[in-house]
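Residue strings, one per chain:
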Amino acid sequence: GSGGGGFSTALTARLNGLDVLMVEKEPLFGGTTAYSAGVIWIPVNSHAVKAGLEDSRDKALAYMAASAGNRLDRTRAEAFVDTAAEMLDFFETRTHVRYELAPTWADYEPGLDGGVDGGRSLVPIPFDGTALGDLFPRLRPPLASMMLLGGMMVGRNDLPHLFNMTRSAAAAMHVAKMVARYGRDRVWHQRGARLTNGNALLARMALTAREKEIPLWL
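All values reported here derive from a predicted model rather than from experimental measurement. (Residues numbered from 1 in each chain as written. Predicted model: local features only at pLDDT ≥ 70, side-chain atom pairs only at ≥ 80, totals over all residues. Heavy atoms only, no water.)

## Remarks on the sheet that holds strand E2 (residues 40–41)
- Read from one edge to the other, the open sheet built from 3 strands follows the order E2-E4-E3, with strand pairing classed as antiparallel. Each having just a single partner strand, E2 and strand E3 (99–101) make up the two edges of the open sheet.
- By the bridge criterion, 2 bridges tie E2 to strand E4 (residues 121–124) in an arrangement that is antiparallel. Bridged to Ile40 within E4 is Leu122. (Pairing = 2+ DSSP bridges. Helix = DSSP H or I, 4+ residues; strand = E, 2+ residues; numbered from the N terminus.)

Structure representation (structure tokens):
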């Protein structure tokens, strides 16, 4: 496969010296990750630590236990909490993957034991799809609900600007730049090349895979 799971596995194997081949049964790569917001949930991640947000291993495990109840696999939960932040640092250090903190994005149920009001969720940083060259047209487009004007991707951090563009000069400028970039992209491409959400994550992974000479068969 060629979604987030497939690419992360392939890249980890390649970066550890293995020969890798990716095979995708669809004519486009990206899987369901291409449709997603690309958000990851990582307790005690380095971004949150740098921002001075309070969190801990015990709080994260308590939240997972409160959320899952008797369905929680404690061994897997502990393995996730103990290695997820290391995983994120690995990808941000050794690949083109880049995330930014969503400090005000609370856990789904922050009132549960161990829940927090922000710091565990991170969103992919927008990416210029033209860096993929001939791979860009083969990246699965996002859902129509994630685009405006028939092909302009909108990320989570774009929404406040769209909502306030008639009340804020800074927001209006942000939106104007988005639309201008989109207009330029449509001269050469079937959709906008400013990628956000899961598309941005996959494009960053695909660029790294190409640089690491990982074949991708569609």
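## Some details on the packing of helix H1 (residues 4–15) against helix H7 (residues 197–211)
- Look at H1 against H7: their axes get within 10 Å of each other, and the N-to-C directions meet at 30 degrees. Looking at the two axes, H1 sits roughly parallel to H7. Pair H1 / H7 crosses with left-handed handedness. Contacts from Gly4, Phe7, Ser8 and Leu11 in H1 reach Leu202, Met205, Ala206, Thr208 and Ala209 in H7. (Axes fitted to C-alpha atoms, helices over the stretch in contact; angles between N-to-C directions. Parallel < 35°, antiparallel > 145°, perpendicular 65-115°, else oblique. Left-handed = near helix turned anticlockwise from the far one by under 90°. Contact = heavy atoms within 4.5 Å.)

## Things to note about the packing of aromatic side chains
- Using the criterion set out here, one finds 4 aromatic pairs in the structure.
- Aromatic pair Trp41 and Tyr63: ring centres 5.9 Å apart, planes at 35 degrees, arrangement tilted. With a gap of 22 residues between them, Trp41 in strand E2 and Tyr63 in helix H3 (residues 57–68) connect regions that are remote in the sequence.
- A residue is classified by how much of its surface remains accessible, and Trp41, at 24% relative accessible area, is partly exposed. (Phe/Tyr/Trp six-rings, centres within 6.5 Å; stacked < 30°, edge-to-face > 60°. Buried < 20%, exposed > 50% of the residue type's maximum accessible area, 1.4 Å probe, protein only.)

## A look at the environment of Leu201
- Along the chain, the position of Leu201 falls in helix H7.
- Placed 181 residues apart in sequence, Leu201 and Val20 show a C-alpha to C-alpha distance of 20 Å.
- When residues no more than four places from it in sequence are discounted, the contact partners of Leu201 are Thr33, Val97, Tyr99 and Pro124.

## Section: unusual backbone geometry
- With a phi angle near 55 degrees, Asn197 is a residue other than glycine that sits in the positive phi range.
- With respect to the helices and strands, the residue Asn197 is situated in helix H7.
- With phi around 60 degrees, Glu213 is a residue other than glycine that occupies positive phi space.
- Among the structural elements, Glu213 can be located in the loop between H7 and strand E9 (216–217).
- By relative accessible area, Glu213 is classed as exposed at 65%.

## What about the environment of Gly38?
- In this structure, Gly38 sits in the loop between strand E1 (22–23) and E2.
- Accessibility expressed as a relative area gives 7% for Gly38, which makes it buried.
- For the pair Gly38 and His174, spaced 136 residues apart in sequence, the C-alpha separation works out to 22 Å.
- Dropping the residues within four chain positions of it, Gly38 is found in contact with Tyr99, Leu122, Pro124, Asn197 and Gly198.

## Things to note about the nonpolar core
- Counting residues in hydrophobic clusters, the biggest one holds 37 residues, and the most contacted among them are Phe7, Tyr99, Leu122, Leu132, Leu195, Met205 and Ile214.
- For this core, the secondary structure elements donating two or more residues are H1, helix H4 (74–94), E3 and H7.
- The leading source of residues in this core is H7, at 8 residues.
- Val154, Leu162, Val175 and Met178 belong to the second largest nonpolar core, which has 6 residues in total. (Core = buried A, V, L, I, M, F, W, Y, C linked by side-chain atoms within 4.5 Å.)

## Here's the deal with empty space enclosed by the protein
- Under the counting rule described, the total for this entry stands at 1 cavity of 30 Å³ or more.
- Its volume calculated, the largest cavity comes out at about 50 Å³.
- Lining the largest cavity are Met152, Met153, Met178, Arg181, Tyr182, Asp185, Gly192 and Arg194.
- Residue assignment for the lining of the largest cavity shows that the elements contributing at least two residues are strand E7 (152–153) and helix H6 (169–188).
- Of the residues forming the lining of the largest cavity, the biggest block, 4 residues, is contributed by H6.
- Looking at the lining of the largest cavity, its residues break down into 4 nonpolar, 1 polar and 3 charged. (1 Å grid on protein atoms, 1.4 Å probe; cavity = no way out; pocket = protein on both sides within 12 Å on 5 of 7 lines; lining within 4 Å. Points joined across faces, edges and corners; volume = space filled by probe spheres on them. Nonpolar A, V, L, I, M, F, W, Y, C, P; charged D, E, K, R; others polar.)

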